[in-house]
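Below, each chain spelled out in residue letters.
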Amino acid sequence: MTNVNFSGKQLQQFSQYNRVWIPDKEEVWQSAEITKNYKAGDRFLHVQLEDGTELSYPVDLAALPPLRNPDILVGENDLTALSYLHEPAVLHNLKIRFVESKLIYTYSGIILVAINPYKQLPIYGDAIIHAYSGQNMGDMDPHIFAVAEEAYKQMARNNKNQSIIVSGESGAGKTVSARYTMRYFATVSKSSGNAHVEDKVLASNPITEAVGNAKTTRNDNSSRFGKYTEISFDRGYQIIGANMRTYLLEKSRVVFQSENERNYHIFYQLCASAMQPEYAHLKLGSAEEFNYTCMGGSTVIEGVDDRANMLETQKTFSLLGKFLGIHFHIFCELLEVNCDKMCRWLCHRKIVTTSETVVKPMTRAQAVNARDALAKKIYSHLFDFIVERINQALQFSGKQHTFIGVLDIYGFETFDVNSFEQFCINYANEKLQQQFNLHVFKLEQEEYMKEDIPWTLIDFYDNQPVIDLIEAKMGILELLDEECLLPHGKDENWLQKLYNNFVNKNALFEKPRMSNTSFIIQHFADKVEYKCEGFLEKNRDTVHEVLIEILKESKVCFRNSLSLLMVTLNATTPHYVRCIKPNDEKLPFEFDSKRVAQQLRACGVLETIRISAQSYPSRWTYIEFFSRYSILMTQQELSINDKKQICKIVLQRLIQDHNQYQFGRTKIFFRAGQVAYLEKLRSDKLRQACILIQKRVRGWLQRRRFLSMRRAALTVQQYFRGQRTVRYSCLLPARSWSFYICHVLSPFCFNRVLESHFQSQKEIYEKEIEGLNFKVEHLSQDINHLQKLFREENDINDGIRLEVSRLTSENLVRSRCRGTTQKLKSQGSNKGGHVRWHLHKALSLPAGLVCKETMTLLSADLKPRGVVVNMIPGLPAHILFMCVRYADYLNNADMLKSFMNVTIDGIKQVVKEHSEDFEMLSFWLSNTYYFLNCLKQYSGEEEFMKYNTARQNKNCLKHFDLSEYRQILSDLAIRIYHQFIIVMENNIQHMIVPGMLEYESLQGISGLKPTGFRKRSSSIDDTDTYTMTSILQQLSYFYSTMCQNGLDSELLKQAVKQLFFLIGAVTLNSLFLRKDMCSCRKGMQIRCNISYLEEWLKDKNLQSSNAKETLEPLSQAAWLLQVKKITDDDAKEICEHCTSLSTVQVMNHLFPSGRTDSIGLPFHKSSIPQQSTSSLLMLDTKHLFQVTFPFTPSPHALELIQVPSSFKLGFLTRV
């Protein structure tokens, strides 16, 4: 694959230090760095290979080698995000992700490419399923669950049927991928009934694998049939049933297996269970004893227990309706035909002529063929029967609303010898490829129309000609059917007709040069040579007429079933999974570039890339472009307020050819190579900046070194001259001493005096600095002390304000009641110091009715925001308790029981009715807690009375023990708390990932990169984006509401701890599933966000809540993204620091392997000791810490509590 028709600007890309891809026989492509600028007309491109080899690669202007993508795109999770879209770029990107990062999934536009790791990976648990549930495709790392979620979401949103098409060659992992999609649907759409439909759907897999899968040279569990499973959903999008259709069962495997291959698994499972009593009547033996099971010489699969698998097959049969015994009896019934007749007609053939009927004996070879044909027919019928019974078990009585179909079918196949089976498989793949091409083309067109970009017809490969060659009138299949109808039809005659009709007449059909028994078809993926031998026999599935009468068999035409499948797929929205086999030796994480390249060509991935490359494959939102390339913008351009306009101005300045990009409504579309050009400009600008910084630093270092050397030179000169002068003075006559002292020594002495002066000044300054440092330290301590006093004073002032408000309210009530009190005193109604409430309606109404009215008004009519102002914490709870005291004072058990039951039921009812109202839940959690504390405080029990004042102890209950009710209230409080936590989590959860992980608050460290077809953002307007500020504001709202409702400080701390755990767990889980976020930059951003949360805790005086500790795993993960990972000492430091992370989390998901912004290179996993025994990757976001309700006695005197008029409890009076 090469670039052609290069413009002058594009030729600039072939300059020194840029990299290209050179064809290679072993690795398909190898990277090389250009060592000399290429100019138009040069016959050679001078490059250096990665091993240091210098090479002059012959080129011409129309066939330059493909350019390599910039480092920023290394390991990209969507192939369509690559700036240069071609085969070597795709192959290299997949290899980097698979081998270095151990990532098996990659997007290619609408395709999920899945590479078989040949190793169990911890990425399919229920926690992973729930992590992908509800997420947009592209927001998380590529995964089979992301495809399943996209199909499920589109079905629910658009009420349209969906299909997931899983294809690939044998051993690529198709069956496992299809199984995981069905498991995903079963998990996220649990039915409400007791039918366990999801379990039955999943149970069908082991059965069909037992009777339809076999060991081949490429795969130990190869599906030898195609399967379309239609999972039905009701209007609530819950699974109600399923239906299965099968295609292309490889019947020839029943009677023939190549070397090192096996027959279908079920035969070996039966033979391994031959000694079981339930199979005694089948007269089974070892698999080596039967011709049909030992042909391949491989009756055992390493690591597979056929007997255990048989037990598993039995269990799944039982789950689907206990018809295991039935199909074995079918075997018996088929064998219990008349033995003489069967023997006769296996060895003889009846020929009917116009005058007579002749019975003719067959040759041994003919008899063997007749036997094999009968065996294939029996097994085919048995297979269809089992599928039919599975469908009966999965039938449903309700009406299907929508369905999701999962197609698991062979990919394109080519072997050394290709026969009728490969022809049918490749024909089916031609039909599927055509459907895929049309769908990709349609999606591209819709994307352009949505962005208001002019749509230009893009040429794409149309494989209709090869389909016509196969299925059109007088095509290959029609000629085959025609030959099958002839009495003496032969493969050779049919082949000759093909030669006559198509050789030199159809470019897609060829005759091999060295063979007269084969033909070649140019498929969309590759040329395939087919041997004509056996085509007629397999097409008509020959079983002699008499045997057909014995078996009463029927025949299904493959073409009709394929046609029906295509009609079904065309009526659904398709989703594509292409499974790739990385090597033929089944080695874990080994990448054979030749084999992978072959499969990429065959499965349509490169066709998707080609279609994308012809249009505008790279797509950036305006915000992404601005963040990434702001370094290329001038100050004048940055002064414009409209970011979208800035992007347009800058791009028009940087890229003169306006055909290389298009401005959409929300995105900028780039042609192939333009993002790489922008990256080159950006890297050049950064390189220039680095050079400038280096120049300044080096200049400063050299200046510093020069001054130091100059001082040293002056010192040496000074002492040398002094020594010389002293020596010279010894030679002077006595008369010259006076002259010497005046003119020579005087300057020297003057210098010594100056040095002495400077030394003394230095000592004085040092002492002054030491004194100033001491003062600064002292002042810092004073400031900290003053800040502490200020906070304490604020807390005291808040308490005083609340107390003043309460006293003001009490004084107002007292002034109103003073006259009434005097009147009561004059009437002698004051009976003593006991405070109680009198229900003056009790004389005319039943006690239960009055209690119910009181509770109804308190629970339903109170609005939290309206009653918390100027009100003591838990006032409704105190009122309820004082009603309890009145019943206790009257020693009225019925009244007390009625009131407590009504109170508890009332709280339950209000919580149920306001189960999503955070303020109401907070209000009643607080009051339930205070009511429970009042029952304890005034229970008369010594352990609670010791906290009371003498006056409070006088108000204790006298006649009843309410410990049972306390337990009921405690359980109720726990229920309210859990619902309270759920509401808080639901309100904040959608903010966590955008605010903690995605939002970039630190300037200059943006990690935004080019993205492909799967875009996360879609708008220039980012005002609705959740930020760290959004999270802090939500936390502050929770905190202020809890404080206003008087929630106990210990309960408040527990709630905050639970919220912080959720924030940390959700962020960390998302980080595990988003490798694009695993970078040093993102680690810095996460640590910054954690510091904001810690500052919030400090500001609210919640450091003792242990909420900070719940963020420790996230903090360690962020730290890990930033540290060096090179030496064993680094590994040791990681082990010492990352104590809250498991080895799985550290090694598999926090090492940004292959990324250019990581610090250091990842070292081998053996360097990391086991951190913990846990093998779980995800944190449990549903985990709840145990809640405790500490006993906190109320400081409020019951005598002073008044009922505000806003409570509308006028029938309550003080007596």
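None of the values given here were measured: they were computed from a predicted structure.

A. Main features of the overall build of the protein chain. Assigned secondary structure in the protein chain consists of 41 helices and 23 strands. Looking at the protein chain residue by residue over its 1215 residues, the buried ones come to 49%. Look at the contacts in the protein chain between residues 6 or more apart in sequence, and 72% of them connect residues 24 or more apart. Looking at the protein chain as shown, the accessible area adds up to about 60,400 Å², and 53% of this sits on carbon and sulfur atoms.

B. Looking closely at the nonpolar core. Residues Phe185, Trp494, Phe519, Phe980, Ile988 and Leu1035 are the most contacted members of the largest nonpolar core, which totals 245 residues. Per-element accounting of this core gives the leading share, 16 residues, to helix H34 (residues 963-998). The next biggest cluster of nonpolar side chains, apart from the first, holds 19 residues, and it includes Phe626, Tyr629, Cys647 and Leu651.

C. The arrangement of helix H2 (residues 87-100) in detail. Compared with an ideal rise of 1.5 Å per residue, which puts 14 residues at 20 Å, H2 spans 19 Å between its outermost C-alpha atoms and is within 8% of the ideal. Extensive coverage of H2 is indicated by the burial of 10 of its 14 residues. By the burial criterion, the buried members of H2 are Glu87, Pro88, Ala89, Val90, Leu91, Asn93, Leu94, Ile96, Arg97 and Phe98. Positioned one or two residues after H2, Lys102 has a phi angle of 60°, which is positive.

D. Fine view of the UniProt feature "binding site: ATP" (unreviewed entry) in the protein chain. In the numbering used here, UniProt assigns the "binding site: ATP" (unreviewed entry) feature to Gly168, Glu169, Ser170, Gly171, Ala172, Gly173, Lys174 and Thr175. In contact with Gly168, not counting residues within four places along its chain, are Lys174, Ile409, Tyr410, Gly411 and Cys579. Inspection of the secondary structure assignment puts Lys174 in helix H5 (residues 174-188). Note on Lys174: relative accessible area 6%, which makes it buried.

E. Fine view of the side chain of Arg253. Note that Arg253 resides in the loop between strand S11 (239-247) and helix H7 (265-272). A polar atom in the side chain of Arg253 sits 2.9 Å from the backbone oxygen of Arg262. When residues no more than four places from it in sequence are discounted, the contact partners of Arg253 are Ala214, Lys215, Thr216, Arg224, Glu261, Arg262, Asn263 and Tyr264.

F. Structural detail: the packing of helix H35 (residues 1028-1044) against helix H36 (residues 1049-1072). Between H35 and H36, the least distance of the axes is 11 Å, while the angle of their chain directions is 160°. It follows from the interaxial angle that H35 and H36 lie roughly antiparallel. Here H35 and H36 pass one another in a crossing that is right-handed. For the pair H35 and H36, contact is made by Ile1031, Leu1035, Phe1038, Tyr1039, Met1042 and Cys1043 and by Leu1052, Ala1055, Val1056, Leu1059, Phe1060 and Ile1063, respectively. Among the residues forming the contact of H35 with H36, the class breakdown is 12 nonpolar, no polar and no charged.

G. A look at the sheet that holds S11. Read across the sheet, 7 strands follow the order S5-S6-S18-S7-S14-S10-S11 without closing on themselves; strand pairing throughout is mixed. This sheet does not close on itself; its edge strands, each paired only once, are strand S5 (105-108) and S11. For this sheet, the mean angle separating the axes of adjacent strands, direction not counted, is 20°. Its contacts with the sheet place H5 against strand S7 (162-168), strand S10 (226-233), S11, strand S14 (402-410) and strand S18 (573-580), and it is angled at close to 165° to S14.

H. Broad picture of the confidence of the model for the protein chain. On average, residues of the protein chain carry a pLDDT of 79, and 78% of them reach 70 or more. Under a pLDDT of 50 for its full length, residues 1015-1023 has, in the predicted model, 22 contacts with residues more than four places off or in other chains. Taken as a whole, residues 1152-1167 scores under 50 in pLDDT and shows 40 contacts with residues more than four places along the chain or in a different chain.

I. Spatial organisation of a nonpolar patch on the surface. Side chains of Ile693, Val697, Trp700 and Leu701 sit close together on the surface and give an oily, nonpolar patch of about 410 Å² of accessible area. One can find Trp700 in helix H25 (residues 674-730).

J. Just H5, in detail. Taking 1.5 Å per residue, 15 residues should reach 21 Å; H5 reaches 22 Å between its end C-alpha atoms and fits that length. For H5, a buried count of 11 out of 15 residues is recorded, marking the element as mostly surrounded by other parts of the structure. Of the residues making up H5, those classed as buried are Lys174, Thr175, Ser177, Ala178, Tyr180, Thr181, Met182, Tyr184, Phe185, Ala186 and Thr187.

K. Main features of the pattern of salt bridges. Enumeration according to the criterion identifies 31 salt bridges in this entry. In this structure, Asp684 engages Lys680 in a salt bridge whose closest nitrogen and oxygen atoms are separated by 3.2 Å. With a gap of 4 residues between them, Asp684 and Lys680 both fall in helix H25, about one helical turn apart. Residue classification places Lys680 among the partly exposed residues on the basis of a relative accessible area of 28%. Each of Glu169, Lys581, Asp584 and Arg595 takes part in a single network of salt bridges with overlapping partners.

L. Representation of the pairing of S11 in the model. Among the 9 residues in S11, 7 count as buried, and that is most of the element. In this structure, S10 lies alongside S11, joined through 8 bridges in antiparallel fashion. From the neighbouring strand, Ser232 faces S11, where its bridge partner is Gly241. With antiparallel pairing between neighbouring strands as the criterion, S10 and S11 make up a hairpin whose turn holds 5 residues, including Tyr237 at a positive phi of roughly 60°.

M. Structural detail: the environment of Asn953. With respect to the helices and strands, the residue Asn953 is situated in helix H33 (residues 950-954). As a C-alpha pair, Asn953 and Gln937 span 16 residues in sequence and 8.7 Å in three-dimensional space. Residues contacting Asn953, with those up to four places away along its chain left out, are Met945 and Asn948.

N. Broad picture of the sheet that holds strand S17 (residues 527-531). Read from one edge of the open sheet, 3 strands run S15-S16-S17, paired in antiparallel fashion. Looking at which strands have only one partner, the edges of the open sheet turn out to be strand S15 (509-510) and S17. On the sheet, helix H16 (residues 491-502) packs against S15 and strand S16 (518-522) and is oriented at approximately 45° with respect to S16.

O. Local environment of the packing of H34 against helix H37 (residues 1080-1099). Relative orientation of the contacting elements H34 and H37 amounts to 120°, with a least axis distance of 8 Å. On the side of H34, the interface is formed by Gly995, Met996, Leu997 and Glu998, while H37 contributes Lys1082, Ile1086, Asn1089, Ile1090 and Leu1093. Residues that form the contact of H34 with H37 fall into these classes: 5 nonpolar, 2 polar and 2 charged.

P. Spotlight on the environment of Cys1080. Positionally, Cys1080 belongs in helix H37. Under the relative-accessibility criterion, Cys1080 is labelled buried at 13%. A C-alpha to C-alpha distance of 8.6 Å links Cys1080 and Leu1120, two positions 40 residues apart in sequence.

Cut-off values and rules
Within each chain, residues carry numbers counting from 1 in the order of the written sequence. Totals for whole chains, interfaces and linings use every residue, but because this is a predicted model, local features are given only for residues with pLDDT of at least 70 and side-chain atom pairs only at 80 or more, for both listing and counting. The side-chain numbers reported here are obtained from all heavy atoms of the structure, hydrogens and water having been left aside. Helix and strand definitions here come from DSSP, where helices need a minimum of 4 consecutive H or I residues and strands a minimum of 2 consecutive E residues; each element is numbered from the N-terminal end. For every residue, the accessible area (1.4 Å probe, protein chains only) is compared with the maximum for its type, and the residue is labelled buried under 20%, exposed over 50%, or partly exposed between those bounds. For this analysis, residues touch if any pair of their heavy atoms sits within 4.5 Å. With residues, only the protein chains shown are counted as cover, and all accessible areas are computed by Shrake-Rupley using a 1.4 Å probe. In plain words, nonpolar cores are sets of buried Ala, Val, Leu, Ile, Met, Phe, Trp, Tyr and Cys residues tied together by side-chain atoms within 4.5 Å. Every helix has an expected span of 1.5 Å times one less than the residues it contains. UniProt positions are given in the numbering used here, feature names are shortened, and annotations may be inferred rather than shown by experiment. As used in this structure description, the phrase polar contact means that two N or O atoms lie within 3.5 Å; if the pair is within protein, one of them must be able to donate a hydrogen and the other to accept it, and residues adjacent in sequence are counted only when both atoms belong to side chains. To get an axis, fit a line to the C-alpha atoms, keeping to the stretch in contact for a helix; angles then go from 0 to 180 degrees between the N-to-C directions. Angles below 35 degrees are treated as roughly parallel, those above 145 as roughly antiparallel, those between 65 and 115 as roughly perpendicular, and all remaining angles as oblique. Left-handed describes a crossing in which the near helix is turned anticlockwise from the far one by less than a right angle; the clockwise case is right-handed. Residue polarity is assigned by list, with Asp, Glu, Lys and Arg as charged and Ala, Val, Leu, Ile, Met, Phe, Trp, Tyr, Cys and Pro as nonpolar; anything else, Gly included, falls into the polar class. Strands are labelled as partners when DSSP assigns at least two bridges between them. For every residue, the predictor states its confidence as a pLDDT score lying anywhere from 0 to 100. Only residues above 30% relative accessible area that lack a salt bridge enter a patch, with like-charged residues linked at up to 9 Å and the nonpolar side chains Val, Leu, Ile, Met, Phe, Trp and Tyr linked at up to 5 Å. Think of a salt bridge as a Lys or Arg side-chain nitrogen and an Asp or Glu carboxyl oxygen that are within 4 Å of each other.

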